[in-house]
Amino acid sequence: MIKQQIITGSNVPEVEDKLSCWLSSALYSRLGQFSASLTVAQPHSLVYWGASFFGLDKVTIFQNAPIAERAKILQLCSCNILEEAYAIEKVGVYYMAKMVLLSESTQEQMLYALYSADEVTHLAQISRFLPKSQAQILELEHPLLKFLTDIVDTEDKAVILFVLQVVLEGWSLSHYRSLAIECREPDLSLTLQGFLADESRHHGTGVMLFHQMSLTQSSQDLIVKILVDFLRMMQLRQQSILAAIAQVKGYLSRSQKIRILEELDIENYNHTCLKFLRSLMRNPNSGAILHQLEVRGAFQPLSASECI
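The rules behind these values
Residues numbered from 1 in each chain as written. Predicted model: local features only at pLDDT ≥ 70, side-chain atom pairs only at ≥ 80, totals over all residues. Heavy atoms only, no water. Core = buried A, V, L, I, M, F, W, Y, C linked by side-chain atoms within 4.5 Å. Buried < 20%, exposed > 50% of the residue type's maximum accessible area, 1.4 Å probe, protein only. Helix = DSSP H or I, 4+ residues; strand = E, 2+ residues; numbered from the N terminus. Contact = heavy atoms within 4.5 Å. Axes fitted to C-alpha atoms, helices over the stretch in contact; angles between N-to-C directions. Parallel < 35°, antiparallel > 145°, perpendicular 65-115°, else oblique. Left-handed = near helix turned anticlockwise from the far one by under 90°. Nonpolar A, V, L, I, M, F, W, Y, C, P; charged D, E, K, R; others polar. Phe/Tyr/Trp six-rings, centres within 6.5 Å; stacked < 30°, edge-to-face > 60°.

Student: What's the story with the nonpolar core in this structure? I'm lost.
Tutor: A general feature of soluble globular proteins is that nonpolar side chains tend to end up buried together. Ranked by size, the top nonpolar core spans 91 residues in total, and within it W49, L56, L277 and M281 carry the most contacts. A total of 17 residues in this core trace back to one element, the largest contributor, which is helix 4 (residues 67–102). Excluding its chain neighbours within four sequence positions, the residues that come into contact with L277 are V167, W171, F230, L231 and M234.

So this is what it looks like as structure tokens:
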């Protein structure tokens with residue numbers, strides 16, 4: 001007997017089939033002037049953010065590189081940003097659909113169904129700036145997508161709500177605002193600005209719902225376990241910059257990587273990131289969670305050598 005692979009959640013593939021035209025029609029109806037076809041609509045230059053946004057204006061190996069190599073590194077870094085946004089929005093579609101099923105009232109179910117539509121439009125808009133081939137391989141290869149999908153697969157509503165809707169959506173709101181301000185491409189900047197009202201509404205709803213929940217000890221323990229891993233993953237995001245430099249310049253030794261991260265002021269970057277994430281976790285219902293994270297040293301920033 002042949003065992004059929006079960007496709008669920010965010011690991012469903014992107015395919016061109018007869019549903020695509022109906023999807024395009026539905027997106028056009030929702031977004032008006034936005035071209036709802038899922039074709040790539042990107043400008044000639046793929047350098048969406050400049051060197052100062054990534055901190056590369058302080059990195060010696062980047063500054064000493066020829067102009068063409070610097071442009072290629074910035075293209076790769078910009079692509080990494082879009083891949084990360086794609087992964088977050090892909091998980092958002094799955095998360096909101098899961099919350100429709102876990103809703104405890106008709107009003108809550110209706111609200112999450114509307115939020116699911118928000119995430120679908122975000123995903124379609126981000127996809128326009130990524131080559132199709134990249135969007136497809138993200139299903140299997142992007143580490144953030146796999147990590148967040150595993151969280152959504154948890155059956156504990158309190159856990160997924162706090163981690164994804166309170167913490168991740170709160171971080172995404174600030175992150176997208178920064179990306180929109182610094183973006184060099186007007187179309188992409190406007191797209192990201194358009195996400196902000198939705199992200200704010202999603203985050204605010206999550207904060208309110210979590211405040212009203214009664215947490216079990218097992219829920220608290222699982223939240224702490226997941227957040228320890230999540231906080232570490234967030235501190236390692238700058239590894240994508242190392243990868244971009246290595247792809248263009250060739251092999252980087254451990255000492256070279258450490259120097260680059262030191263020039264990026266990674267420890268201070270991580271300190272600021274952790275401080276903000278901690279502020280997102282403050283809730284009348286999360287005191288014990290924050291205490292356990294403190295005890296485990298989860299808010300201690302990693303140094304450059306610890307990020308390799």
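This is not the end of the story, as more comes after the structure.
Student: What am I meant to see in the packing of helix 8 (residues 157–182) against helix 13 (residues 266–281) here?
Tutor: Between helix 8 and helix 13, the least distance of the axes is 9 Å, while the angle of their chain directions is 130°. The orientation of helix 8 with respect to helix 13, classified from their angle, is oblique. Crossing hand, helix 8 versus helix 13: right-handed. Judged by residue contacts, F162, V166, V167, G170, W171 and S174 of helix 8 engage F276, L277, L280 and M281 from helix 13. Looking at the contact of helix 8 with helix 13, its residues break down into eight nonpolar, two polar and no charged.

Student: Please explain the environment of D221 as it appears in this structure.
Tutor: With respect to the secondary-structure elements, D221 resides in helix 10 (residues 217–235). Note on D221: relative accessible area 42%, which makes it partly exposed. Sequence separation between D221 and V159 is 62 residues; the distance between their C-alpha atoms is 9.4 Å.

Student: Looking at this structure, how should I read the environment of S52?
Tutor: Counting through the fold element by element, S52 comes out in helix 2 (residues 51–54). For the pair S52 and E182, spaced 130 residues apart in sequence, the C-alpha separation works out to 9.5 Å.

Student: Looking at this model, I keep getting lost on the packing of aromatic side chains. Mind explaining?
Tutor: Any two aromatic rings considered together are summarised by their centre-to-centre distance and by the angle between their planes. Inspection of every chain in the model, using the stated rule, returns eight aromatic pairs. Ring plane angle 75° and centroid distance 5.4 Å describe the contact between Y176 and F195, whose orientation is recorded as edge-to-face. Linking Y176 in helix 8 with F195 in helix 9 (residues 186–212), this pair joins segments that are 19 residues apart in sequence. Take F195: its relative accessible area is 0%, and that puts it in the buried class.

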